[in-house]
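Structure assessment
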Amino acid sequence: MQQDIHAGGAGADRHPADPVRGIPVQRRHTPAEAASEPPHPGGRAARRRALTARRTRRRRVLKWTGGLAAFALVAGCGGAYYAYQHFNNNITAVKVQLGNEAERPKPAGDALNILVIGTDSREGLGREYGDEGSTGHADTTLLFHIAKDRSNATALSIPRDLMVPVPECQAPDGKTIPGTARTMFNNSLGQEGRDPGCTWKTVEKVTGIRVDHFVMVNFDAVKTLSTAVGGVEVCAAKDINDPDSHLRMSKGRHVVQGDEALAFVRTRHAVGLGGDLTRIPLQQQFIGSMIRSIKSSDTLTNPAKLWKLADSATKALTVDSGIGSVDKLKDLALDLSKVDSGKITFATVPVLDDPADENRLVLKQPDAAQLFSMVGGDRSLTEPAAGAAVPEAPAATAPAATPAPAAPAAPAAPAAPGGAASTAAATDAKDLRVTVRNGTGTPGQAQQTVDRLVAKGYAKAATAANAPVATTTSIAHPAGKAAEAAALAAALGLPAGAVKADPKLGARDGLVLVLGKDAPAAAAAEAAATPAPVPSEAPKDLQRVQGDDIDACAK
């Protein structure tokens, strides 16, 4: 039936939709009309064929509404999709610039990776939520991975306070926005005019996982979508009174919608430790419950509720141009509807307090790289393959996200170039500072190398300013660290001649890795020669919530 409904153009005004029933007037039949219809010619056989056709249409309708439920899940921070062409004009689509294709992670094949961005934009919302007129940042971000066989899904929450490198990107007006070596993740959107494409590029750089599409929603979407489904059930393990989010909730289960739903997903100061990491489990609980509400028969079989859900939510939905039409969103939604709620795992990217600022976070390694490798390698977090043979990483897994054993401590120190010998004990890789400078002339190589080093156990590797273009890659070390430099060269597959002492470096300095024009080819050769295995189990102590967990409560 939905296939006969269109909107936009001249036909939209001729056949307005009935806002009460949610079904266009011209497609409804009264009992009198039905009685007046002539019998089907051809007798019983023809009537049986007609009945079969009607049943087939009903099955298509159920599949279609299942797709709606799945897409609403992907826009869990507030957006939703509905298959009626009538809502096509509600969708805002933008074209994002993703830069050099060669610098992006490899495609995920039949798996899907969708970036869901919940922006804290206050544009058009007045003073009610503070920061009036703010363009918004990446306040709530999930990387939603749907397995290639559609049997499971993983939603990775990326903390807004995580310190990350934000790559150079282009604003919608074509202006180039310089990259930042280290800033909060939420600054990847809004800051200096950055659009969702900048957040997209940042996620790919940090995780090594290729993103296929993005969906962005705002505060208003949480309110409208939760109201449209008739409320979302949530749970509080204690009384909550948060004057900042305006949430007042007694201990127990509650059904929230509108402003109360928004207050629930925004609250953080009155629960847990009072930070962003405390708020994330609340959001995961809310999204999981919303999925169940949308997939419930009470929603899927209620035309009026479906109509309200779609009309209100798509107005707050922004997507990339690759899925900026109803037809493309329909295909995506039908794929997502195949995932059972119980096979969806919400998890938070492993982090630690930033040593430089206790109010900020850094990736916890090697746990983060291990998790990224599992997701990029299409490994389910719902049913870990414990004891199973570990396959080689598929093309979707980027070397940057692949964990590997820490680089071994170097043996007895060899003679350093120039005759200087190292007499100090070799520093463990995880405690060794490695500064990476890009002398290749190709942007992005330094960060990619840092990602490889972190995955190899060099937790303190970091980028620095670009170096003058160099032909070959070199490693400079201070006196006493020749062994460490030799071990680093071996870890990167560099010849011994790449190591050299630098008298300008002091005893407290680490190693300085300058990438030459030979670096990209060397990295590609290393990746091709040593395909990394995909971990079979998730990191220990990983924060996670299952999509069908009805006992999750805000603590």
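Quick caveat: nothing in here was measured; it's all calculated off a predicted structure.

Observations concerning the overall build of the protein
Of regular secondary structure, the protein possesses 14 helices and 23 strands. Here the protein holds 555 residues, and 51% of them are scored as buried. Considering only intrachain contacts with a sequence separation of at least 6, the fraction spanning at least 24 residues in the protein is 72%. By element, 52% of the accessible surface of the protein is carried by carbon and sulfur atoms, the whole surface being about 25,100 Å².

Some thoughts on the pattern of salt bridges
Overall, the coordinates contain 15 salt bridges when judged by the stated rule. E101 serves as the salt-bridge partner of R104, at 3.6 Å between the closest nitrogen and oxygen. Between R253 and E233 there is a salt bridge whose closest N-O contact spans 3.7 Å. Here R253, found in strand β13 (residues 252–256), pairs with E233, found in strand β10 (residues 232–236); they are 20 residues apart in sequence, far enough to count as distant.

Focus on the packing of helix α6 (residues 258–266) against helix α7 (residues 276–295)
Between α6 and α7, whose axes approach to 7 Å, the crossing angle comes to 140°. Accordingly, the angle class assigned to the pair α6 and α7 is oblique. Here α6 contributes A261, F264, V265 and R266 to the contact with α7, which in turn contributes R279, L282, Q283, Q285 and F286. Here the residues of the contact of α6 with α7 sort into 5 nonpolar, 2 polar and 2 charged.

Notes on the environment of V454
Structurally, V454 is set in helix α12 (residues 445–455). On the basis of relative accessible area, V454 is assigned to the buried category, the value being 14%. For the pair V454 and K430, spaced 24 residues apart in sequence, the C-alpha to C-alpha distance is 8.5 Å.

What to know about the sheet that holds strand β19 (residues 461–463)
With respect to topology, 5 strands assemble into an open sheet ordered β19-β18-β22-β20-β21, the strand pairing being mixed. Looking at which strands have only one partner, the edges of the open sheet turn out to be β19 and β21 (499–501). Put simply, the sheet's adjacent strands are angled 25° from each other on average, direction ignored. Note: strand β18 (residues 434–438) against β19, 3 bridges, orientation parallel. Looking across to β19, one finds that T435 is bridged to A462. Contacts between helix α13 (residues 482–492) and the sheet are confined to β18, β20 (474–477), β21 and β22 (511–515), with β20 contributing the most and set at about 160° to the helix.

Conventions adopted
Residues numbered from 1 in each chain as written. Predicted model: local features only at pLDDT ≥ 70, side-chain atom pairs only at ≥ 80, totals over all residues. Heavy atoms only, no water. Helix = DSSP H or I, 4+ residues; strand = E, 2+ residues; numbered from the N terminus. Buried < 20%, exposed > 50% of the residue type's maximum accessible area, 1.4 Å probe, protein only. Contact = heavy atoms within 4.5 Å. Areas by Shrake-Rupley, 256 points an atom, 1.4 Å probe, with all protein chains shown as cover. Salt bridge = Lys/Arg side-chain N within 4 Å of Asp/Glu carboxyl O. Axes fitted to C-alpha atoms, helices over the stretch in contact; angles between N-to-C directions. Parallel < 35°, antiparallel > 145°, perpendicular 65-115°, else oblique. Nonpolar A, V, L, I, M, F, W, Y, C, P; charged D, E, K, R; others polar. Pairing = 2+ DSSP bridges.

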